[in-house]
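# Working through the structure, step by step
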Amino acid sequence: MLEDLHDLSARFPGNPRTLLLVEAIDHGAVRDAVRAVGVGPVEDFLRALAIQLQSLLHEGSNLYFVGVGRFAVLVDRQNRGLDMFVEQLVRTLREPVASGSLMIELDARVGILKFKLEAPEIDDSLRKAMTAVHNARTVGVACVAYIPEFDAGHQRAYAILRDIPRALAHNEFHLVFQPKLRVSTRAFEGAEALLRWRHPVLGAISPGEFIPLAENTTLIHDLTTWVIDTALMHLAELHNAGLRVTIAVNVSARTLERPQFLETLKAACAKHGVAREMLHIECTEYSGLTAPATLESLKQIRALGMQLSLDDFGTGYSNLTCLETLPFQMLKVDRALVAHVTENPRARQLLQGIVNLGHGMGFRMLAEGVESEEVFHEIVALGFDHIQGYYLSRPLAPAALKEFLRAPPELPRKEVLIHKRSASRDRGCAPGRDCV
Ligand code: C2E
Ligand code: CA
Ligand code: CA
């Protein structure tokens, strides 16, 4: 294909062309099909598909095989009729394709690239078209045209990943701490450590952006080790100042499954002279948590005396069976469920159901993202054991946390509600769930 493009650019320098990249079936699906029926039938199927695509082309357009299940179409005409052609292509690819006695359903995506027949653009054409295909898959649509902004996103992601090791070495990261309230005593008895990054060029980068990127690489382990070490250093300082609180750190499932992780935890507690019970581990709901290595690791962490909380409960990978098997003590109900509790009776009923379910199974329940006094009272009335959110406090720098814990704010009381429910709320633990 590249040879053809270079020939064309010698004959028609600078002329516009369109490249369509068709990903008929994604790599994972091809791999599964090979495992199920063998290489031969899958090759037959891809050949049948190529013939079908070829039959759609007009004279002067060429089809190229550019990867397993991937074809490029170089369209030899201007915009006229292009939309119709793409539509027809997508419609055809929706039909199942015969492979021996099997009919295989495709999940095709098309990336469209308009470019000029010039050397640098030609050499970058396939990459750009693939970026468009990738975006079509991510967004969940059949076809997407390439725009330069796609590259900006990828370049930023690349820069972020590239810079994490330097940022660790140069102290660009720091931690902030968000206090957590225990409802029954009205005491702030713990805080969650949240990572912050001040990048010298890109400015403040949210963990919501760099953590998911790091989670695809081994860098997440280095970050977690740094977070645990730093959080425990601050915790030791708080304890020295007479403030007996716990600190929670967020740990990705990928880190949990590593056998070395347990040693990291033990070593950090020993280094800072902090009792293990004072460290809490938060994991996001994630299907990987039930993998044997991860489950074993969770059990061992529990055996060390650390508390385990299941984070963002009720969204994403909600998997109720994991409540039965995983050794968690606390469920942190996601703020998406908490936010609408005062506006919507259904949201309130849902939360009440979750609290009852959790308490019934012996979990302590925490509501995340409580932002107003109204929501605070509602959450207390629903029987939650712990509360965290901007209404109580934003995440604080270590010095501000110390001040906050020394002189916590006065909280409004609604005595009637609190007394009515106190018996069920401060229940401690169900049998088998040794709470900290
Ligand atoms: P998360 O663990 O669910 O943390 C809570 C997030 O909600 C934090 O955002 C916090 O600032 C925010 N938040 C707290 N109260 C409120 C509220 O009342 N309203 C609203 N709208 N937001 C509230 P942040 O710090 O941006 O962290 C985002 C996510 O990044 C975290 O979600 C966590 O999944 C991840 N993360 C942060 N630090 C670490 C870390 O050290 N390690 C790992 N693995 N993940 C981390
Ligand atoms: Ca968390
Ligand atoms: Ca959360």
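One numbering rule holds for all chains: residues counted from 1, following each sequence as written. Going through the entries in the order they are written, you letter the chains from A and number the ligands from 1. Given that this is a predicted model, residues contribute local features only at a pLDDT of at least 70 and side-chain atom pairs are listed and counted only at 80 or more, while totals for whole chains, interfaces and linings are drawn from all residues. Only hydrogens and water are removed before side-chain values are computed, so all heavy atoms of the structure are retained for them.

### Considerations on the overall build of the protein
Heads up, the rule is: Working definition: helices are DSSP H or I runs of at least four residues, strands are E runs of at least two. Numbering for both runs from the N terminus. Here the globule rule is a power law, 2.2 Å times the number of residues to the power 0.38, and the radius of gyration is based on C-alpha atoms. Residue burial is assigned from relative accessible area. The probe radius is 1.4 Å, only protein chains are included, and a residue is buried under 20% of its type maximum, exposed over 50%, and partly exposed in between. Between two residues, a contact is recorded if the distance between any of their heavy atoms is within 4.5 Å. For accessible areas, the Shrake-Rupley method is used with a probe of radius 1.4 Å. Any residue's cover is judged against the shown protein chains and nothing else. By the counting rule applied here, Lys and Arg register as positive and Asp and Glu as negative, while His and the ends of each chain are not counted. Note that the charge is assigned to NZ on lysines, CZ on arginines, CG on aspartates and CD on glutamates.
A tally of regular secondary structure across the protein gives 18 helices and 16 strands. A globule of 436 residues ought to have a C-alpha radius of gyration of about 22 Å, yet the protein, at 28 Å, is considerably larger. Looking at the 436 residues of the protein, the share that counts as buried comes to 48%. Pairs at least 24 residues apart make up 68% of the contacts formed inside the protein by residues separated by at least 6 positions. On the protein, roughly 21,300 Å² of surface is accessible, and the fraction owed to carbon and sulfur atoms is 54%. Looking at charge distribution, the protein has the averaged site of its 47 positive side-chain charges lying 5 Å from that of its 52 negative ones.

### Examining the pattern of salt bridges
Note the threshold: Note on definitions: salt bridges are taken to be side-chain nitrogens of Lys or Arg within 4 Å of carboxyl oxygens of Asp or Glu.
The tally for this structure, following the rule as stated, stands at 21 salt bridges. For R127, the salt bridge goes to D124, with nearest N and O atoms at 2.8 Å. Under the relative-accessibility criterion, D124 is labelled partly exposed at 24%. Because the salt bridges share partners, they merge into one network encompassing E23, R70, D107, R109 and R137.

### Things to note about the site of ligand 1
What counts is decided by this rule: Whether a residue is near a molecule or strand depends on its heavy atoms: it is near if one of them lies within 4 Å of it. Any N or O atom pair separated by 3.5 Å or less is treated as a polar contact, with the protein-specific requirement of one donor-capable and one acceptor-capable atom, and with residues adjacent in sequence counted only for side-chain atom pairs.
Ligand 1 sits among 20 residues. The nearest are Q178, R196, R335, E371 and Y390. A distance of 2.6 Å separates an oxygen atom of ligand 1 from a polar atom in the side chain of R335. Contact between ligand 1 and Y390: an oxygen atom at 2.8 Å from a main-chain N or O atom of the residue. Coverage of ligand 1 by the protein chains reaches 84% of its 810 Å² of free accessible surface.

### Points about the coordination of the calcium ion (ligand 2)
Quick reminder of the rule: Each metal's donors comprise the N, O and S atoms found within 2.8 Å of it (within 3.2 Å for Na, K or Ca). Water is not part of the atom list, so some coordination spheres may appear incomplete.
Looking at the calcium ion (ligand 2), one finds its protein donor set to be E192 (OE), N250 (OD1), E282 (OE) and D311 (OD), positioned 2.1 to 2.3 Å from the metal centre. Written as a sequence motif, the donor residues of the calcium ion (ligand 2) are E-x57-N-x31-E-x28-D. Between the calcium ion (ligand 2) and the calcium ion (ligand 3), both coordinated by D311, there is a metal-metal distance of 4.1 Å. Taken together, the residues span a long stretch of sequence, with E192 in strand 9 (residues 187–199) and D311 in strand 13 (residues 307–313) at a distance of 119 residues. Using a relative accessible area of 5% as the deciding quantity, one classes E192 as buried.

### Observations regarding the coordination of the calcium ion (ligand 3)
Donor atoms from the polypeptide that coordinate the calcium ion (ligand 3) comprise D311 (OD), D312 (OD), E368 (OE) and E368 (OE), at 2.1 to 2.5 Å from the metal. Read in sequence order, the donor residues coordinating the calcium ion (ligand 3) give the pattern D-D-x55-E.

### A few points about the packing of helix 2 (residues 27–37) against helix 3 (residues 39–56)
The line we're drawing: Lines fitted to the C-alpha atoms define the axes, with helices restricted to the stretch that makes contact. Angles between their N-to-C directions range from 0 to 180 degrees. Relative orientations are named as follows: roughly parallel for angles under 35 degrees, roughly antiparallel for angles over 145 degrees, roughly perpendicular for angles from 65 to 115 degrees, and oblique for any other angle. Under the scheme applied here, ten amino acids are nonpolar (Ala, Val, Leu, Ile, Met, Phe, Trp, Tyr, Cys and Pro), four are charged (Asp, Glu, Lys and Arg), and all others, including Gly, are polar.
Where helix 2 meets helix 3, the axes come as close as 7 Å, and the angle between the chain directions of the two elements is 130 degrees. By the criterion of interaxial angle, the relationship of helix 2 to helix 3 is oblique. Across the interface between the two elements, V30, A33, V34 and V37 from helix 2 touch V39, P41 and V42 from helix 3. Split into classes, the residues belonging to the contact of helix 2 with helix 3 amount to seven nonpolar, no polar and no charged.

### Section: the domain arrangement of the protein
Note the cut-off: Reported domain spans reflect what an automatic or database domain assignment gives.
Per the domain assignment, the segments of the protein are domain 1 (2–147) and domain 2 (157–425). One C-alpha centre belongs to domain 1, the other to domain 2; they are set 45 Å apart.

### A closer look at helix 9 (residues 219–240)
Selection rule: Here the expected span of a helix is defined as 1.5 Å times the quantity of residues minus one.
Between its first and last C-alpha, helix 9 extends 32 Å over 22 residues, near the 32 Å set by a 1.5 Å rise per residue. In terms of burial, helix 9 is a largely internal element, 16 of the 22 residues being buried. Positive phi appears at G242, one or two residues downstream of helix 9, with a value of about 85 degrees.

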